[in-house]
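Single-letter residue listing:
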Amino acid sequence: MFNLLSLRAGLLTSLAGLIGTAAGIGPVAVRPAAAYGVAVHVPILGVYAGPATKGVVGAAAFAAFSGSTPGAVLDFAATDSWAGITGPNWLLDPRVGSSARLEYSLPMFPDGNQYSLAACASGAYNAQWKLTAQSLVRHGLADTIVRPGWEFNGTWYHWSAKDNINGYIGCFRQIVATMRAVPGQHLAFDWNPSIGPNAFPAELAYPGDAYVDYVGVDVYDTSWSRYPSSDMSAARAAAWNDDLSGNHGLAFWSRFAAAHHKPMALPEWGVSSAANGHAGGDDPAFVDHIFDFMTAPANNVAYGHYFDWTSGAGDHKLTGNTRFPASAAKYRHRSAALALAVKH
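Thresholds, definitions, all that
Residues numbered from 1 in each chain as written. Predicted model: local features only at pLDDT ≥ 70, side-chain atom pairs only at ≥ 80, totals over all residues. Heavy atoms only, no water. Helix = DSSP H or I, 4+ residues; strand = E, 2+ residues; numbered from the N terminus. Buried < 20%, exposed > 50% of the residue type's maximum accessible area, 1.4 Å probe, protein only. Contact = heavy atoms within 4.5 Å. Areas by Shrake-Rupley, 256 points an atom, 1.4 Å probe, with all protein chains shown as cover. Phe/Tyr/Trp six-rings, centres within 6.5 Å; stacked < 30°, edge-to-face > 60°. Disulfide = S-S within 2.5 Å. Axes fitted to C-alpha atoms, helices over the stretch in contact; angles between N-to-C directions. Parallel < 35°, antiparallel > 145°, perpendicular 65-115°, else oblique. Left-handed = near helix turned anticlockwise from the far one by under 90°. Nonpolar A, V, L, I, M, F, W, Y, C, P; charged D, E, K, R; others polar. Polar contact = N/O pair within 3.5 Å; in protein donor to acceptor, adjacent residues only side chain to side chain. Salt bridge = Lys/Arg side-chain N within 4 Å of Asp/Glu carboxyl O. Core = buried A, V, L, I, M, F, W, Y, C linked by side-chain atoms within 4.5 Å.

Caption draft 1: Seen up close, the overall build of the protein chain. Counting its regular elements, the protein chain contains eleven helices and 13 strands. Across the 344 residues of the protein chain, 55% fall into the buried class. Put simply, 75% of the contacts in the protein chain that link residues at least 6 apart link residues at least 24 apart. Accessible area of the protein chain: about 13800 Å², with a carbon and sulfur share of 56%.

Caption draft 2: Highlighting unusual backbone geometry. Omega for the bond connecting Tyr 227 with Pro 228 falls within 30 degrees of zero, at -5 degrees, which places this linkage in the cis form. Positive phi is not limited to glycine here, since Asn 198 has a value of about 50 degrees. The residue Asn 198 is located in the loop between strand S7 (188-191) and strand S8 (214-216) in this model. Its identity is not glycine, yet Asn 300 carries a phi of approximately 50 degrees, on the positive side. Along the polypeptide, Asn 300 turns up in the loop between helix H10 (284-295) and strand S11 (301-307).

Caption draft 3: Local environment of the packing of aromatic side chains. With the rule as written, the count across this model stands at 36 aromatic pairs. Here the aromatic rings of Phe 62 and Phe 65 are separated by 5.3 Å at their centres, their planes lie at 55 degrees, and the arrangement is tilted. On the criterion of helical spacing, the pair formed by Phe 62 and Phe 65 is a turn pair, its members being three residues apart in helix H2 (residues 52-66). Both rings, one in Trp 82 and one in Tyr 115, keep their centres 5.9 Å apart while their planes meet at 85 degrees; by these two values the pair is edge-to-face. With Trp 82 in helix H3 (residues 82-85) and Tyr 115 in the loop between strand S5 (101-106) and helix H5 (117-121), this pair connects stretches of sequence that are 33 residues apart. What makes Trp 82 buried here is its relative accessible area of 14%.

Caption draft 4: Highlighting the state of the cysteines. Evaluation of the coordinates by the stated rule reveals one disulfide. The disulfide bridge from Cys 120 ends at Cys 171, spanning 2.0 Å between sulfur atoms. Classification of the bridge connecting Cys 120 and Cys 171 rests on its S-S torsion, roughly 70 degrees, and on that basis the disulfide is right-handed. Of the two residues, Cys 120 is situated in helix H5 and Cys 171 in helix H7 (residues 165-180); the sequence distance between them amounts to 51 residues. With respect to burial, Cys 120 and Cys 171 carry one shared label: buried.

Caption draft 5: Structural context of the packing of H10 against helix H11 (residues 325-341). Relative orientation of the contacting elements H10 and H11 amounts to 25 degrees, with a least axis distance of 8 Å. If you check the angle between H10 and H11, you find them roughly parallel. The interaxial crossing formed by H10 with H11 has right-handed handedness. Two secondary-structure elements touch here, H10 through Pro 284, Val 287, Asp 288, Phe 291, Asp 292 and Thr 295 and H11 through Ala 326, Ser 327, Lys 330, Tyr 331, Arg 334, Ser 335 and Leu 338. Classifying every residue of the contact of H10 with H11 by side-chain character gives six nonpolar, three polar and four charged.

Caption draft 6: How the structure looks around the side chain of Ser 66. Relative to the assigned elements, Ser 66 resides in helix H2. Within polar-contact distance, the side chain of Ser 66 engages the backbone oxygen of Ser 68 at 3.2 Å.

Caption draft 7: Representation of the pattern of salt bridges within the structure. Scanning all chains against the criterion turns up ten salt bridges. A salt bridge links Asp 75 to Arg 95, with the shortest nitrogen-to-oxygen separation between them at 2.9 Å. Highlighted residues: Asp 75 in strand S4 (residues 72-76) and Arg 95 in the loop between helix H4 (89-92) and S5, separated in sequence by 20 residues. For the pair shown, Asp 75 and Arg 95 are each scored as buried. Overlapping salt bridges bring together Asp 288, Asp 292, Lys 330 and Arg 334 as one network.

Caption draft 8: How the structure looks around the nonpolar core. One finds Met 179, Trp 191, Trp 269 and Tyr 331 to be the most contacted residues of the largest nonpolar core, which totals 80 residues. If sequence neighbours within four positions are ignored, Met 179 has contacts with Leu 106, Trp 129, Thr 132, Ala 133, Leu 136, Val 146, Gln 185, Leu 187 and Phe 189. Ranked by size, the runner-up nonpolar core spans eight residues in total, among them Ile 44, Ala 188, Ala 265 and Tyr 303.

Have a look at this one:
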């Protein structure tokens, strides 16, 4: 175990430097001090801390909270119009010059019944994808990870693949092919289902190895079957077992990614509190479980973004006046332990 108060700031700074200079966003495998006894897989620790300028301010707050600068940040394009999707200045300008690699959540089309996966798959929206890639390159964000049509195996986004799997696959391929053709780009692409069985088996909508760089899975400490409970300790253990070993859980996706020779990612993860009660609340064991999964070499997790935000689905914030004090302390502890793991 590690005493957080005994850590030197310089050590944490050196880890941030290592993260910032490592090639790409892949994990750094190292041999730790003899006390650890085993090789440690060190993923990039990232954060979603809000949109655009709010996200930059929030990421700085998360760095102060955790003791190390995030090596990656997540953001979301708007869905109200094409102008909100194709790399608008208000979204990208605040990210210019950042050492953290951006993951750009890319809607497959704006809100409105006039848009469809079928049209996207036909190439009808390719001009928009070209504009998006050009905007990223122009802003000095040519190495962005693009996350097209995330959580497509649910029904809560209008690009859900439930009723048109082939349309989703074709749309994803059009996006990747078009954006990769833009001069100056060094983009990577994250294929990102949500954890669990959801509306259909997500692997049926895999667009192919040539179009995917990361297999991402979003996971929160929520459960419709386990929470709420009169015995939250047992419920939390059961919920984690579902997340890890259940139908289309993390273990399934680890095997899937390995079979396709792709690194994994956790583009969104977090503890959760929800008004409907279907959340684990202040659950430091969940934080431990996620860190254990991310640092296990067999899972080859390249990066994970903690979702430090309050959304319509619930509260996940560890910073500020958090409702998750034990989880926040656990996150600080585990991120500090990773810093020690890379000490030679």
